[in-house]
Structure formats: C-alpha cells, structure tokens
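Given next are the chains, with one letter for each unit.
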Amino acid sequence: MNDPNGLVFHDGLYHLYFQCNPQGVSHANISWGHATSTDLTRWTEHDPAILWDDEAQIFSGSVVVDHGNTSGFGTDQEPALVALYTAAAPGHQAQALAYSTDGGYVWTKYQGNPVLDRGTSDFRDPKVFRYDDGGDGFWVMIAVEAQDRQVLFHRSDDLKTWTFLSSYGPAGPVGGVWECPDMFPLAVDGDEDDVRWVLLISLNPGGIAGGSGTHYVVGDFDGTVFHPSAPFATPGPESLTDGSQSRAELEAFGWIDFGPDCYAGVTFDGLGRHDRTLIAWMDNWEYAGLIPAEESEEHRSAMTLPRRLSLTRDQGGAERLRQTPVIEVDPGESIELGRLAGSAVLGEGMTGAARIRLAAAFGDAQSVELRIESSSGDGVVIRQDRASGRIELDRPGAGMPPGFPGTPSMLLAQPDEIGWDVWIDALNERVSSIELFAQDGEKVLTALIPTASPRTYSLDVVGGALSGARADVVDIEG
Ligand code: FRU
C-alpha cells in the first residue's frame, strides 16, 4: 500500500482508505483499500472499496459526507459519502467521483466521470472540503498539477461541476513533483480569534531527508485565493529539477517531518477544528518497492501513527505546526535516572511495540544517545548533540535497498532541553519503524529501521552527565 486516502470520521467511525494493489506487493492495479476504527488505534480491514478497471487506476483522493445532499446521491436524512479521486490512465489524469450510500463500504463510480478534466497527464490527488463563507457555503477542491509544482483551487455546489478559482506555486520546495495537497484552518494556540490556514504539500523527490517529504505553509484562505503569511520567492525554472535544492535552502521551509519515511500525509474530514488529525504513509518512493516484504504476510508498507495537529506561534512570530500522537496507551514504567552519566538499559528483549519518553536537562553532558538493538546486533542510534543543537538518527543500510542508509537530522530551537517521545513498532520480521516527537511535537522524525524484534533499548550519555533525567517506558502488547 501507499498513500492514505479519503480519511473521514462519520457516525462514530474513522474510515481509512488507502492506495493498494489487491493482488500483490508492487505498485499496480491501484485501488482503494479500506479499514475502520473507533479509536484510531485498532483497525479492522474490509474489502477494497473502489477497484481499478480497464480504463483507469484509482489514484489518491478524499471523501466528504454530503450533508445537505448537494450531489443528489443520498437523501437529507441519509447523506451519501462522496469520494473524489484521480482516474489515472497512461498519459492522462483527471478527477472522478464515486459515492456510497451504505456508510462507506460499497461504492459506485459516477456515470458522468470524469468530473474535472484539464486534458493533462499529471493532474491529481483531489482534497475536497466544505468552505463556510458565512452563507450557504460551497465545496472547494485542491489538487496538483504535479510537474508544474502548482496547487489548483476549484469550487462546486454539487461536487460534480467544478469551476477554477486560483492557483498556488511554484514556491518553496520545488525540487520534485508536488503531490497529495491538503488544507485546513487551525486556531493559533487555541485562540478562535486567530485562525490561520495550513496548506500541506508533499513533494517527491526534493524532501528534507532526501526523496519523498511533506512541507507546510501557513497563511489565509479567503474562499478564492490562499495567501501565505510569509511568501516564498518564485523559483527560477532551473530549480524545478529533481532534488535541485540544497539542505540549507530546504531548512528555511516548514516540514511535517524531518525523517525519510513520512509522505502523502492528509487529515480527516468530519472532525472539529481542535481534533484535526493526520495520517501519512510511512515510506519513501526512493526505495518503497524494494523494502523487504514477507510474501506470506501479503503486504508491504504501513501508515504512521495518527497525529493531532495544532498551531503555535514562536518567539519570532512565525506559526509552527505541532503534532501529538493520538494513540492512548498505558502510562508504563517510570524510571527516575536523576543525574545520569555513562549508560542505562531502559528495556531488554522487548517484542511488542514500545513507547519511550525521555526528559532531562543537558547538565554538563555533550550528547545523549538512545540505542535500539536487536539480539542479532542490528541497530540504530538516535542522538541529540548539544553543540550542533540537532537530533540525528544513524540509519545503517544492512539488508536494505540502496538509498536507504543515511543520517536524517533536525535542528532544535531549544537545544539544551531533552524532551523525546519515541514510538517503535514492527513492520515485519526484518523491518521496524520509529516515530520521534521532540520539542513538544514541533520537530518530528519518522524512519523505517532495519531492526528485528526482540529489541533492547539503552541510553548512553557522552562527555559528562545529564541532570534530572527521567524515562517512561511502555511495552505495548499486540
Ligand atoms: C503519492 C502518489 C500520488 C498518486 C498515488 C499513486 O505517493 O504518487 O500522487 O495519486 O501516489 O499511487
């Protein structure tokens, strides 16, 4: 599987559709798979929702609940769920519609497809939302002209006829095609009088950790045009070349995640403003098709944790996105480490998923490392270094495809504080994943790691001692 699609909360259920091949572990026969959850933690998989056919594959898109029955596919009492997706044929991509009147399980492709066709080859990934203009409101669709690095805005009253509003881009990170946009309002520090719009744009390659990555821009949306708070200069044509922007240029932009494996993230429709929740694909097109998969398990790849989004303003006045994992787990074991020099084992031979929180002040230490190792010796190190003010992950490539090894990193605004929330999970018998939330979720790093289970977790303090150190370790069963 790859991108999450059609995330929608309806009648007490979270629906997660996703790009998948119902017949194998390679990118072909692309259809929408389907899973549901009542708590975003445990998921039930259902039959694929929308299947590819001779004419087109079912590329990424979104779902809305058509309250008010604007499309006529449901009734006022029983609104239809309406999916807008990209019908992808060789050399031609256009936006198409399907609807469900049984709560999201059985879908019918609309006879009048496509509903928005520009006659181009890379126009895709429609995200639809209801815009409240103080009157009746209307539907807005944002979708990308991927090669042009543009997000196009269209509007509709019935989800079937769309008229052009405006475009955004090229701007900011442009060293790869733009994909899977999303846009939504958030209240800055919870203040309903200070609501801003966040535009998410995935790009591939050209991400901050190499290959696929997702950046965000904060601004205002007036129902027609998106106005960024701090606009980027329009890049010259030479920048619109794969991977052309340097690390220093990329660090000036906002990124959802500084790791290599968080892509195509989009948010749920149907939740309140304070519950805006994102799920992303935990992989990278640089090597996604080559990640070891157990054929017997009939799957390759996974989604990130669901992450609640909020906006905060930093001391310089810039709006920053914050992410908090939504999963509820037991508090686990709290280990008071106090003044810590040398090493400490936090957990040994742990088989399930795990959560490790670490809080400390640097004291006179130079760096702190968390080692995640399997009994066969495979392992990775997460390191926060005081002098550079960075957290980095050493990711070796043993048994993994070319392009996998590397040292993704992120620069912290408060480099003297250590505040990590690390989630570890297993993808299959050979590959695990980490999601690291630092600095109250303002800096996040997600990466697949070549580490088998059971795993041992240990801390190493280098060049002095931490002070006031505390670790909370949760062994998450099943
Ligand atoms: C992003 C993407 C989308 C496309 C889908 C195809 O990962 O390339 O642009 O719709 O995957 O599976």
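Please refer to the structure placed before this passage.
Our subject in this report is the structure included herewith. (Residues numbered from 1 in each chain as written. Predicted model: local features only at pLDDT ≥ 70, side-chain atom pairs only at ≥ 80, totals over all residues. Heavy atoms only, no water.)

**Focus on unusual backbone geometry**
The amide bond that connects Asn113 to the next residue, Pro114, takes the cis arrangement and shows omega of -5°. Looking at the secondary structure, you find Pro114 in the loop between β8 (108-109) and β9 (123-131). The amide bond that connects Gly169 to the next residue, Pro170, takes the cis arrangement and shows omega of 0°. Examined against the element boundaries, Pro170 turns out to sit in the loop between β12 (163-168) and β13 (177-187). At Asn29, a residue that is not glycine, the phi angle is positive and equals roughly 50°. Looking at the element boundaries, Asn29 is found in the loop between β2 (13-20) and β3 (31-37). Asn29 gets classed as partly exposed once you look at its relative accessible area, which sits at 21%. (Helix = DSSP H or I, 4+ residues; strand = E, 2+ residues; numbered from the N terminus. Buried < 20%, exposed > 50% of the residue type's maximum accessible area, 1.4 Å probe, protein only.)

**Digging into the packing of aromatic side chains**
The tally for this structure, following the rule as stated, stands at 19 aromatic pairs. Taken together, a centroid distance of 5.3 Å and an interplanar angle of 80° make the contact between Tyr131 and Phe221 edge-to-face. Highlighted residues: Tyr131 in strand β9 and Phe221 in strand β15 (residues 213-221), separated in sequence by 90 residues. The class for Tyr131 is buried, based on a relative accessible area of 11%. Grouped by ring-pair contacts, the aromatic residues Phe129, Tyr131, Phe138, Phe153, Trp197 and Phe221 constitute a single cluster. Across the ring face of Trp139, the terminal group of Arg130 is positioned such that the distance to the ring centre comes to 4.7 Å. (Phe/Tyr/Trp six-rings, centres within 6.5 Å; stacked < 30°, edge-to-face > 60°. Lys NZ or Arg CZ within 6 Å of the ring centre and 35° of its normal.)

**So, the site of the ligand**
Surrounding the ligand, one finds Asn2, Asp3, Gln19, His27, Phe59, Ser60, Arg124, Asp125, Glu179, Cys180, Tyr263 and Trp285. The fraction of the free accessible surface of the ligand (320 Å²) that becomes covered by protein chains is 96%. Counting only elements with at least two residues in the shell around the ligand, the list comes to β5 (57-65), β9 and β13. (Near = heavy atom within 4 Å. Areas by Shrake-Rupley, 256 points an atom, 1.4 Å probe, with all protein chains shown as cover.)

**Observations concerning the side chain of Ser212**
Along the chain, the position of Ser212 falls in the loop between β14 (195-204) and β15. The exposure class of Ser212 is buried, given its relative accessible area of 1%. Setting aside its immediate chain neighbours within four residues, Ser212 contacts Leu203, Asn204, Gly207, Pro260, Tyr263, Asn284 and Trp285. (Contact = heavy atoms within 4.5 Å.)

**A closer look at the pattern of salt bridges**
Two side chains with opposite charge may pair up if their charged atoms get near one another. Scanning all chains against the criterion turns up 27 salt bridges. One salt bridge in this structure joins Arg247 and Glu251, with 2.7 Å as the shortest N-O distance. The exposure class of Arg247 is partly exposed, given its relative accessible area of 29%. In this structure, Glu392 engages Arg383 in a salt bridge whose closest nitrogen and oxygen atoms are separated by 2.6 Å. (Salt bridge = Lys/Arg side-chain N within 4 Å of Asp/Glu carboxyl O.)

**Quick look at the pairing of β12**
When strand β11 (residues 150-156) meets β12, the two strands line up antiparallel, connected through five bridges. Bridge pairing links His154 to Phe164 in β12. Two successive antiparallel strands, β11 and β12, enclose a turn made up of six residues, where Leu159 displays a positive phi of approximately 70°. (Pairing = 2+ DSSP bridges.)

**Digging into the environment of Val177**
Along the chain, Val177 falls in strand β13. Judged by relative accessible area, Val177 falls into the buried class, the value being 12%. Considered as a pair, Val177 and Asp440 are 263 residues apart in the sequence and their alpha carbons are 31 Å apart. Once residues within four sequence positions are removed from consideration, Val177 is found in contact with Arg124, Ala146, Gln147, Arg149, Ser202, Leu203 and Asn204.

**Let's talk about the pairing of strand β18 (residues 263-267)**
Burial analysis of β18 places five of its five residues in the buried class, the great majority of the element. Two elements, β18 and strand β19 (residues 277-281), share three bridges in a ladder whose sense is antiparallel. When the bridges of β19 are listed, Tyr263 appears paired with Trp281.

**Observations concerning the sheet that holds β2**
The four strands are arranged β1-β2-β3-β4 in an open sheet whose pairing can be described as antiparallel. Because the sheet does not close on itself, it has two edges, and the strands there are β1 (4-10) and β4 (44-50). Across the sheet, the mean angle separating the axes of adjacent strands is 25° when strand polarity is ignored. (Axes fitted to C-alpha atoms, helices over the stretch in contact; angles between N-to-C directions.)

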